[in-house]
Number of protein chains: 4
Amino acid sequence: MIKAGIVGGTGYTGTELLRLLAQHPDIILETITSRGEAGVPVADLFPNLRGHVDLIFEDPATAPLARCDVAFFATPNGIAMQQARALLDAGVRVIDLAADFRIQDISVWEKWYGMSHACPELVAEAAYGLPEMYREKIRGARLVANPGCYPTAVQLGFLPLLEEGLISPDALIADSKSGVSGAGRKASVSTLFSEAADNFRAYAVAGHRHGPEISESLERAVGKPVGLTFIPHLLPQIRGMHATLYARLNQDVAEAELQQLFTRRYASEYFVDVMPLGALPETRSVRGGNFCRLAVYRPLGGDTVVVLSVIDNLMKGAAGQAVQNMNLMFGLPEPTGLQHIPLLP
Amino acid sequence: MIKAGIVGGTGYTGTELLRLLAQHPDIILETITSRGEAGVPVADLFPNLRGHVDLIFEDPATAPLARCDVAFFATPNGIAMQQARALLDAGVRVIDLAADFRIQDISVWEKWYGMSHACPELVAEAAYGLPEMYREKIRGARLVANPGCYPTAVQLGFLPLLEEGLISPDALIADSKSGVSGAGRKASVSTLFSEAADNFRAYAVAGHRHGPEISESLERAVGKPVGLTFIPHLLPQIRGMHATLYARLNQDVAEAELQQLFTRRYASEYFVDVMPLGALPETRSVRGGNFCRLAVYRPLGGDTVVVLSVIDNLMKGAAGQAVQNMNLMFGLPEPTGLQHIPLLP
Amino acid sequence: MIKAGIVGGTGYTGTELLRLLAQHPDIILETITSRGEAGVPVADLFPNLRGHVDLIFEDPATAPLARCDVAFFATPNGIAMQQARALLDAGVRVIDLAADFRIQDISVWEKWYGMSHACPELVAEAAYGLPEMYREKIRGARLVANPGCYPTAVQLGFLPLLEEGLISPDALIADSKSGVSGAGRKASVSTLFSEAADNFRAYAVAGHRHGPEISESLERAVGKPVGLTFIPHLLPQIRGMHATLYARLNQDVAEAELQQLFTRRYASEYFVDVMPLGALPETRSVRGGNFCRLAVYRPLGGDTVVVLSVIDNLMKGAAGQAVQNMNLMFGLPEPTGLQHIPLLP
Amino acid sequence: MIKAGIVGGTGYTGTELLRLLAQHPDIILETITSRGEAGVPVADLFPNLRGHVDLIFEDPATAPLARCDVAFFATPNGIAMQQARALLDAGVRVIDLAADFRIQDISVWEKWYGMSHACPELVAEAAYGLPEMYREKIRGARLVANPGCYPTAVQLGFLPLLEEGLISPDALIADSKSGVSGAGRKASVSTLFSEAADNFRAYAVAGHRHGPEISESLERAVGKPVGLTFIPHLLPQIRGMHATLYARLNQDVAEAELQQLFTRRYASEYFVDVMPLGALPETRSVRGGNFCRLAVYRPLGGDTVVVLSVIDNLMKGAAGQAVQNMNLMFGLPEPTGLQHIPLLP
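Residues numbered from 1 in each chain as written. Chains lettered and ligands numbered in written order. Predicted model: local features only at pLDDT ≥ 70, side-chain atom pairs only at ≥ 80, totals over all residues.

Q: Is there a simple way to think about the environment of Pro345 of chain A in this case?
A: If you trace the backbone, Pro345 of chain A turns up in the segment after α11 (319-329). Along the primary structure Pro345 of chain A and Pro41 of chain A are separated by 304 residues, whereas in three dimensions their C-alpha atoms are 31 Å apart. (Helix = DSSP H or I, 4+ residues; strand = E, 2+ residues; numbered from the N terminus.)

Here you go:
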């Protein structure tokens, strides 16, 4: 059995990790920390866990994290980079669900996140935890940077096209829409029910942190500069992310061939579902599950290719992918503890 | 033209007052105050008002409230009672949309609101602003306590039955449901979209401040002690309030007679709509309008009478009723500036 | 392994049964029928099942139902009563998720359902499938009438009080609220998104079929006539049911004693969670899980007792309870295949 | 006073027309027709109109349409083209809210709408009712084709850029999102609450009828072929449409200049609001109002320009625009009866 700890468990990725790990057959939940809620039973905050999780939030200063085999950071940006070194030295593997280790170019990271990086050398070591792109590196990693939700949905959609060189990499467009849970569980006016319900809007149009994360990883994967226009939007729903991706074909490829390309690329990927030609992935089809569903189109036979990509932002976009990475790191079959059928309706 | 000021205009009742007053034919919007947003154009916070309202939030210390004919307090509880005296002395009429003047029994008020009252003598003077019950007193008032949203929906439903003495006043039940906007526009975890959407729950079951407000006003109206069990619930929708009222008939009255009683009671009330027998009032039928729609039932001919009552909690439950009171106080026809047809769908 | 068939699988209870049975460790999904969709892969209708269920809808006339060990009827009312006899004769156990066998009094059933009953003798044989009330009878049954969603939430809430004789059974009130999925997956104007979203209303106030079902079962359980006012409402959310129950105490019992009573009554019930004093059950805490969470109150120390009861109408209110009944009928541990942690947020 | 009739008034554009026309100062509502609901009071179907509209649905065969000054067709596609000729001959002006007269190229229309056109000569005569593009033609028109909702939001966003020749017209992308009310008020499974709530998906990705409508009108306006990729999506909200538009700049233009261009272009348009640099139009800011709000961006200084455009699909996208057109046709000030402040929250 693998002993797991969660650092900062009062947010939505934390509680989603609890939901997954509590029923993972190879996991013992050892500790979960929270500065603000230390001493409070986890199930008092998250009543869905009553009867399933009887942990009590522990103060991070005294929690037995060093005794764990793996520590998940479900903390705000900037925390994991302070604490990862000590845990790694103690032999604990680390999976950071925040952004501290996602971008290799430290200057880019520091510009977008507005702070100095505390341990650039660990960034260099960290594996970028998108298994469908970097599986081998993750398998051997002590430290995994769990990707952002948008980067997961966007990269899985563009990847087959870029790998085959079928599209111009310099003019990608990712029109992306996320459920509100992506904004986390902190009190704020803009994500109040009365502000976000029955409403839709773009945000961070001038630039969003997930943009450089996507570009850097795609450039690494295909060895070419990538030009990306990435526009996120806020959906009036709790979970669910939909990326509508646009690119220019640089050669004439029939829609059916595009379909085959996608099918082939993801044939052995348990968590990526290439839907049949003409299908319309919907966010509810992955609600609560760790799947990414994709569809590819060439509308009206023009030279714009359109890819539709959906994930549950808290699952394949966060906690589910983190557990997928953990399974890889510990040599478990990748779907272990992650086979939840999505909840529909 | 009547010069109106709004104190504390950054919440939902404040912006709803702006929506109404900006197109009220007899009103000049003179000033709106906010400590936190002083200097900011109102339409920056509430983009629906762009092109309609060009006021700028003013510091309450310097805003020309004393120059107004009427001041609306859209502030948290405990503010109006500090400032009402000076305004009244300056000849400004005051309508408080918070709770400071709603309960005549000061000790009850202080117990439920957890503070000492700053001006009990003004409580005694204040008219309780439910026009369908206290029209004459409101007409002559300098100071009006605008009722709570729940008390409005509940009292209008019970009133005809209590006035006619058809029900036992000692065992009333008001199962009430409110949209989330009733909780206001302040950052808080429990009213985040991801907490309140796709969810339903009761709250304040052990006791809610609107309970004593309802009981006191009904007792005053019918001259008998009232026993009320009042359970509020939170609906996953922005606006709308539905009260399902239960009482025991103390005599045999046919459903059709109950219907006639309600119709007769509210025959001359522009804002109270007694729906036909068998109708089901829905909250969207009053969305954005100042109406209360009612239906009365005697299910299966038993001795329990059921009344359904819907209002828009921001309109008849707050800002709309405040403007209705203002119209009365200034001798205007009651529906002036309040004839918005509700938005459906 | 138990071979299971589903009759009429294109609705929400059908797809929810599939979600549960596809991962139930003791079940082989043998067949699922649909007249209208025969020949269509189940996962084409319900894309959440892609990769988990590869059944194809079969014509009911030719589907191998008689080969199953158990058949679930997820059909409209009036179908199971036509087909149950033949299946039982073939040795297939039957669980009807519709209403055909829920009410013992045939004349009452025929009045409320507007049709003649096709096999009254099977009604007499059928066990009413609320395990927390009728576990022993269910264990030995060939035919189980799965209760309605409202009856499940309401009975579990009133039961401890009635069993102990603490309340007057002749004046119960059940103010009940259901998510829209309870209305099923048939095209209809009144449950369109644009009609049901951002809206709340009561329905069937003059009388609802679940009323007599609740009364009859409670009377059978406590041996006394029950008088119930039952008012259902439609919530703007997909899943989730909340019953707010009101009754008059006929003796002075402290809230803490009521709490103990509930705790004791359900101490050994895996699926009933009596929450601590002062807790507020919320529907999302059971979303996708088979649990009923309860809280009991005596507001302001009055003689009205209030019970709050939440379930997921598609789980404990339908498919989950059906699987719980199946587990009982086949001697499996009751929670087998039903331990899904509810999805929150 | 202008006598107005509505043909086919049981859908959402019909009821929205009623909401607007009932309080329009220059209008008398003469008749509203419905084959299915003839004899039923309008307010029985749409309770928000109780007390405001006392019309009764009339059979289209006998309704006094020929007596009207203007007839609005709120019918399915293919009806207006059957009836417009006779009304025009009787001197009635016609505004079609469906698609019959929107596309000048009859063969394109027949291909996308799957029927033969009944009166091509009227298509040639019809004015395309987007006042901000075709005001003069509308002023003199007997017959107006009210644009589709998507075409309104998309064209107003691209127009300034195309008119100035700043973007390549051959590679436009319109990622568009609509509230569910755009699908109308007919019973259908895919727009049930339980299907469309808490969910997001694209639709008609292979091609949507509004695509050729947009292209043809933009080509006519700028005299150049337009290549458009148009992807519509369904939002889990009732009203509101958001178009996110992407185009390639063909010269270096600073964001501030783009802003000035938009401001200048729409300076005298009452219903088009160019928001300040950096603003994020949200759909709720136009809920119930006839406004289009726009923002223009050049993200990260790249050569992709992004325009955000929001409207209420039932207002500026349908009924509101129809009334705007009527005002023009009858020489009234354009904002007459259309100054509703949007409802927020």
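Still to come is the rest of the account.
Q: Any chance you could explain the sheet that holds strand β11 (residues 272-274) of chain A here in plain terms?
A: Sheet strands pair via backbone hydrogen bonds, and the direction of the pair is either parallel or antiparallel. Residue and element names in this part refer to chain A. Spatial ordering of the open sheet is given by β8-β9-β7-β10-β13-β12-β11, a layout of 7 strands whose pairing is mixed. With partners counted over all chains shown, the strands left at the sheet margins are β8 (201-202) and β11, one partner each. Alignment of strand β12 (residues 292-297) against strand β13 (residues 304-311), held across 5 bridges, turns out to be antiparallel. The residue of β13 that forms the bridge with Arg293 is Val310. (Pairing = 2+ DSSP bridges.)

Q: Whenever I open this one, helix α11 (residues 319-329) of chain C confuses me. Can you help?
A: Structural remark: α-helix, 3.6 residues per turn; residues separated by three or four positions point the same way. All names here are of chain C. With respect to burial, α11 is a largely interior element, 11 of its 11 residues being buried. Along α11, the positions that sit buried rather than exposed are Ala319, Gly320, Gln321, Ala322, Val323, Gln324, Asn325, Met326, Asn327, Leu328 and Met329. Close packing links the buried residues of α11 with α1 (12-21), β3 (70-73), β4 (93-96), α6 (131-139), β6 (143-145) and α7 (149-163). Phi turns positive, to about 70 degrees, at Gly331, one or two residues after α11. (Buried ≥ 20, exposed ≤ 12 C-beta atoms within 10 Å, placed from the backbone. Contact = placed C-beta atoms within 7 Å.)

Q: Any chance you could explain the relation of the copies chain C and chain D here in plain terms?
A: The operation linking the two copies of the chain is a rotation about an axis combined with a translation along the axis. With an RMSD of 0.0 Å, chain C superimposes on chain D once it is rotated by 180 degrees and translated 0.0 Å along the axis. Expressed as a symmetry operation, the mapping of one chain copy onto the other fits a two-fold axis. Residue by residue, 100% of the interface of chain C is reproduced at the interface of chain D, so both copies engage with the same surface. (Least-squares fit on C-alpha atoms with pLDDT ≥ 70 in both.)

Q: Any chance you could explain the interface of chain D and chain A here in plain terms?
A: In many reports, interface size means the accessible area that the parts give up when they come together. Taken residue by residue, the interface counts 39 residues in chain D and 39 residues in chain A. Broken down by secondary-structure element, the contributors of at least two residues to the side of chain D that touches chain A are β7 (172-178), α8 (193-196), β8 (201-202), β9 (228-234), β10 (241-248) and β13 (304-311) of chain D. Classifying every residue of the side of chain D that touches chain A by side-chain character gives 19 nonpolar, 13 polar and 7 charged. (Nonpolar A, V, L, I, M, F, W, Y, C, P; charged D, E, K, R; others polar.)

Q: Just checking my understanding: could you explain the environment of Ser285 of chain B for this structure?
A: As for its position among the elements, Ser285 of chain B is in the loop between β11 (272-274) and β12 (292-297). Judged by the 27 C-beta atoms lying within 10 Å of it, Ser285 of chain B is buried. When the C-alpha atoms of Ser285 of chain B and Ala174 of chain B are compared, they prove to be 21 Å apart, with 111 residues separating the residues in sequence. Those residues in contact with Ser285 of chain B that sit more than four places away from it in its chain are Arg293, Val310, Pro342 and Leu344 of chain B together with Pro47 and Asn48 of chain D.

Q: Mind showing me how you'd approach unusual backbone geometry here?
A: What you tend to see is this: most non-glycine residues have negative phi, and most peptide bonds are trans. Following Leu344 of chain C, the chain continues to Pro345 of chain C via a peptide bond in cis, the omega torsion being 5 degrees. A positive phi angle is found at Leu300 of chain C, which is not glycine, with a value near 55 degrees. Within the secondary structure, Leu300 of chain C is located in the loop between β12 (292-297) and β13 (304-311). By the C-beta count within 10 Å, which is 14 here, Leu300 of chain C ends up partly exposed. Located in the positive-phi region is Asp198 of chain D, a residue other than glycine, with phi close to 50 degrees. Here Asp198 of chain D lies in the loop between α8 and β8. A residue is classified by how many C-beta atoms lie within 10 Å of it, and Asp198 of chain D, with 26 of them, is buried.

Q: Can you help me understand the nonpolar core in this one?
A: What tends to happen in soluble globular proteins is that the nonpolar side chains get buried as a cluster. In this structure, Phe72 of chain A, Phe72 of chain B, Phe72 of chain C together with Phe72 of chain D are the most contacted members of the largest nonpolar core, which totals 416 residues. When sequence neighbours within four positions are dropped, the list of residues in contact with Phe72 of chain C reads Ala4, Ile6, Val7, Leu17, Ile95, Leu97 and Ala322 of chain C. Membership of the second largest hydrophobic core comes to 36 residues, among which are Leu192 of chain B, Leu235 of chain C together with Val180 and Leu234 of chain D. (Core = buried A, V, L, I, M, F, W, Y, C linked by C-beta atoms within 7 Å.)

Q: Got a minute to help me understand the interface of chain C and chain D in this structure?
A: With 15 residues of chain C in contact, the opposing surface of chain D contributes 15 residues. At 3 residues, helix α8 (residues 193-196) of chain C tops the list of elements feeding residues into the side of chain C that touches chain D. In terms of residue class, the side of chain C that touches chain D is built from 9 nonpolar, 4 polar and 2 charged.

Q: How should the pairing of strand β4 (residues 93-96) of chain D be read in this particular structure?
A: For a regular strand, side-chain orientation follows a simple rule: the groups alternate between the two sheet faces. Residues and elements named next belong to chain D. Burial of β4 is two-sided: the residues Arg93 and Ile95 facing one way and the residues Val94 and Asp96 facing the other way are all buried. Pairing of strand β3 (residues 70-73) with β4 involves 4 bridges; the strand directions are parallel. Along β4, the bridge assignment pairs Ala71 with Val94. For the crossover that starts at β3, traverses helix α3 (residues 80-89) and ends in the parallel β4, the hand is right-handed. (Right-handed = clockwise from strand over helix to strand, strands pointing away.)

Q: Just to check I follow, could you spell out the relation of the copies chain D and chain A for this structure?
A: Its rotation angle being 180 degrees, the transformation that places chain D on chain A also includes 0.0 Å of axial translation and leaves an RMSD of 0.0 Å. Of the residues that chain D buries at the interface, 100% are likewise interface residues in chain A, meaning the two copies contact each other through the same surface.

Q: Hey, could you run me through the pairing of β7 of chain D in this one?
A: Residue and element names in this part refer to chain D. Counting buried positions along β7 yields 7 of 7 residues, so the element is predominantly enclosed. Covered by surrounding structure in β7 are Leu172, Ala174, Ser176 and Ser178 together with Ile173, Asp175 and Lys177, the residues of both alternating faces. Relative to β9, β7 runs parallel, the two sharing 7 bridges. Paired with Ser178 across the two strands is Leu234, which belongs to β9. Pairing geometry for β7 and β10, over 6 bridges, is antiparallel. Counted as the bridge partner of Asp175 is Thr244 from β10.

By themselves these figures say nothing about function.
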